[in-house]
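Spelled out from the first residue to the last, the chains are:
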Amino acid sequence: MDLQKIEADFASNGYVVCRGLFSPEKVSKIRQIYDELWQKAEDLLISKEQEISTLIKKIVDDKGPGRHYKEYGHVAVVWSEAGARYTYGLKPDGDIEAAAKKPSLKDLSVCHVAGVGREFPYLEEVGGGTTTDPVMDLAATLLGKKFLKESYMVQIIQQSHFKSPGSGVSFPWHQDSRFRREAEGDFVDVTGRGSYCNIAIALDPEQGGSTDETNNGPLGVIPGSHKEGHIGGTKYLDPSTVDESKAEYPLLQPGDALCIGPWIVHGSSPNPSKALWRRSFILGFAVPESLQKGPNKDTPSMSIQWNRSVSEFLS
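Residues numbered from 1 in each chain as written. Predicted model: local features only at pLDDT ≥ 70, side-chain atom pairs only at ≥ 80, totals over all residues. Heavy atoms only, no water.

### Topic: the pattern of salt bridges
- Enumeration over the complete set of coordinates arrives at 15 salt bridges.
- A salt bridge links Lys 48 to Glu 51; the nearest nitrogen and oxygen atoms lie 3.9 Å apart.
- On the accessibility criterion, Glu 51 (38% relative accessible area) is partly exposed.
- One salt-bridge network, held together by shared partners, links Arg 31, Asp 35, Asp 204 and Arg 279. (Salt bridge = Lys/Arg side-chain N within 4 Å of Asp/Glu carboxyl O. Buried < 20%, exposed > 50% of the residue type's maximum accessible area, 1.4 Å probe, protein only.)

This is how it looks when you write it as structure tokens:
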């Protein structure tokens with residue numbers, strides 16, 4: 001990797017694409033794990049049926065987490081015995097009342113799984129668990145090595161994202177600073193360049209064709225939009241404020257990584273195909289001093305996503 005060029009492009013555009021960050025062999029093994037992860041997600045619908053049914057019934061009765069359902073389409077979140085967090089959404093053609101009675105992948109989709117390294121240690125190993133992994137070198141470069149006191153940075157995200165065929169999973173135009181809760185004061189930029197980076201590794205080819213069967217909802221970015229800082233408040237961006245004509249779609253291939261900062265405007269539409277998958281391995285790193293304490297919390301709110309100790313990077 002040409003780290004000097006990567007750092008320059010990241011600063012200029014707010015994002016950078018690293019082709020072939022993961023080898024075909026590594027991608028193949030992760031995809032096999034994702035098949036097991038998907039099965040675990042389906043098994044949880046059985047083993048935690050009562051808990052999930054109760055969560056969905058509250059939404060049906062308009063007594064549940066309405067904000068998450070209305071904004072994200074999420075209907076249930078449960079934890080596995082290993083401590084990974086599974087999030088489910090309602091399919092476009094799903095029946096929410098049927099799902100409340102008997103949750104299944106007929107009506108629900110698996111949106112993402114957080115803390116996947118707890119479920120499969122190999123994912124922690126390749127996702128920043130070792131100081132010799134290229135992910136660590138890349139993350140430290142994006143954050144700015146000179147800002148990492150004693151070469152330390154914090155990993156706060158390690159997620160598996162699923163866009164199964166026809167699942168309806170989408171991410172309207174947004175900034176990741178919204179999920180870091182910058183507007184609420186839980187996250188503060190301490191470097192002048194974002195203090196956070198997100199590395200999304202593709203496991204399937206991204207396709208952005210004009211027909212449903214040649215499109216799997218690829219990720220788009222608005223180059224240079226990071227220069228405005230945090231503009232989204234606590235919600236998704238108003239689509240009328242986003243100039244989609246400026247959007248770029250890198251169309252990642254398996255093993256490629258899209259690296260973004262907290263303020264770059266990005267998003268993706270649902271996967272309309274009946275056969276194409278789009279799965280990603282998402283990693284997030286931050287400068288430790290950027291993580292502030294939220295109200296009534298002993299730890300930064302983001303650590304709920306991936307409560308991991310500080311990771312060391314060897315320069």
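That was the structure; now back to the text.
### Brief notes about the packing of aromatic side chains
- Under the criterion given, the structure shown has three aromatic pairs.
- Pairing Tyr 34 with Phe 162 gives two aromatic rings, centres 5.2 Å apart and planes at 45°, and the pair type is tilted. On the criterion of sequence distance, the pair formed by Tyr 34 in helix H2 (residues 24-47) and Phe 162 in strand S5 (residues 152-163) is long-range, its members being 128 residues apart. Each member of the pair Tyr 34 and Phe 162 is classed as buried.
- Judged by centre distance (5.0 Å) and plane angle (80°), the ring pair of Trp 38 and Trp 277 falls under edge-to-face. Taken as a pair, Trp 38 in helix H2 and Trp 277 in the loop between strand S10 (266-268) and strand S11 (278-286) lie far apart in primary sequence, 239 residues in all.
- Cluster of aromatic residues (ring-pair linked, three or more members): Tyr 34, Trp 38, Phe 162 and Trp 277.
- Its guanidinium or amino end placed over the ring of Phe 22, Lys 26 lies 4.7 Å from that ring's centre, counting from NZ or CZ.
- A cation over an aromatic ring shows up here: Lys 29 above the ring of Tyr 122, its NZ or CZ 4.1 Å from the ring centre. (Phe/Tyr/Trp six-rings, centres within 6.5 Å; stacked < 30°, edge-to-face > 60°. Helix = DSSP H or I, 4+ residues; strand = E, 2+ residues; numbered from the N terminus. Lys NZ or Arg CZ within 6 Å of the ring centre and 35° of its normal.)

### Overview of the layout of surface pockets
- When its volume is computed, the second largest pocket comes out at roughly 210 Å³.
- Residue lining of the second largest pocket: Ile 222, Pro 223, Gly 224, Ser 225, Glu 228, Ile 231, Leu 237, Thr 241, Val 242, Asp 243, Lys 246 and Val 265, and that is the complete set.
- Of the residues in the lining of the second largest pocket, the class split is six nonpolar, three polar and three charged. (1 Å grid on protein atoms, 1.4 Å probe; cavity = no way out; pocket = protein on both sides within 12 Å on 5 of 7 lines; lining within 4 Å. Points joined across faces, edges and corners; volume = space filled by probe spheres on them. Nonpolar A, V, L, I, M, F, W, Y, C, P; charged D, E, K, R; others polar.)

### Points about the sheet that holds S10
- Pairing in this open sheet of three strands is antiparallel, and the strands run S6-S10-S8 from one edge to the other. Edge positions in the open sheet fall to strand S6 (171-174) and strand S8 (219-221), since each of these has one partner strand only. Averaged over neighbouring strand pairs, the angle between their axes works out to 20° when direction is ignored. (Pairing = 2+ DSSP bridges. Axes fitted to C-alpha atoms, helices over the stretch in contact; angles between N-to-C directions.)

### Focus: the pairing of S5
- Counted residue by residue, S5 has 11 buried out of 12 residues, so it is predominantly covered.
- Where strand S4 (residues 108-114) lies against S5, three bridges are found, and the strand directions are antiparallel. Opposite His 112, over in S5, you have His 161 as the bridge partner.
- As defined by bridge partners, S5 adjoins S11 across nine bridges and the pair is classed as antiparallel. Residue pairing for S11: Ile 157 is matched across the bridge by Gly 284.

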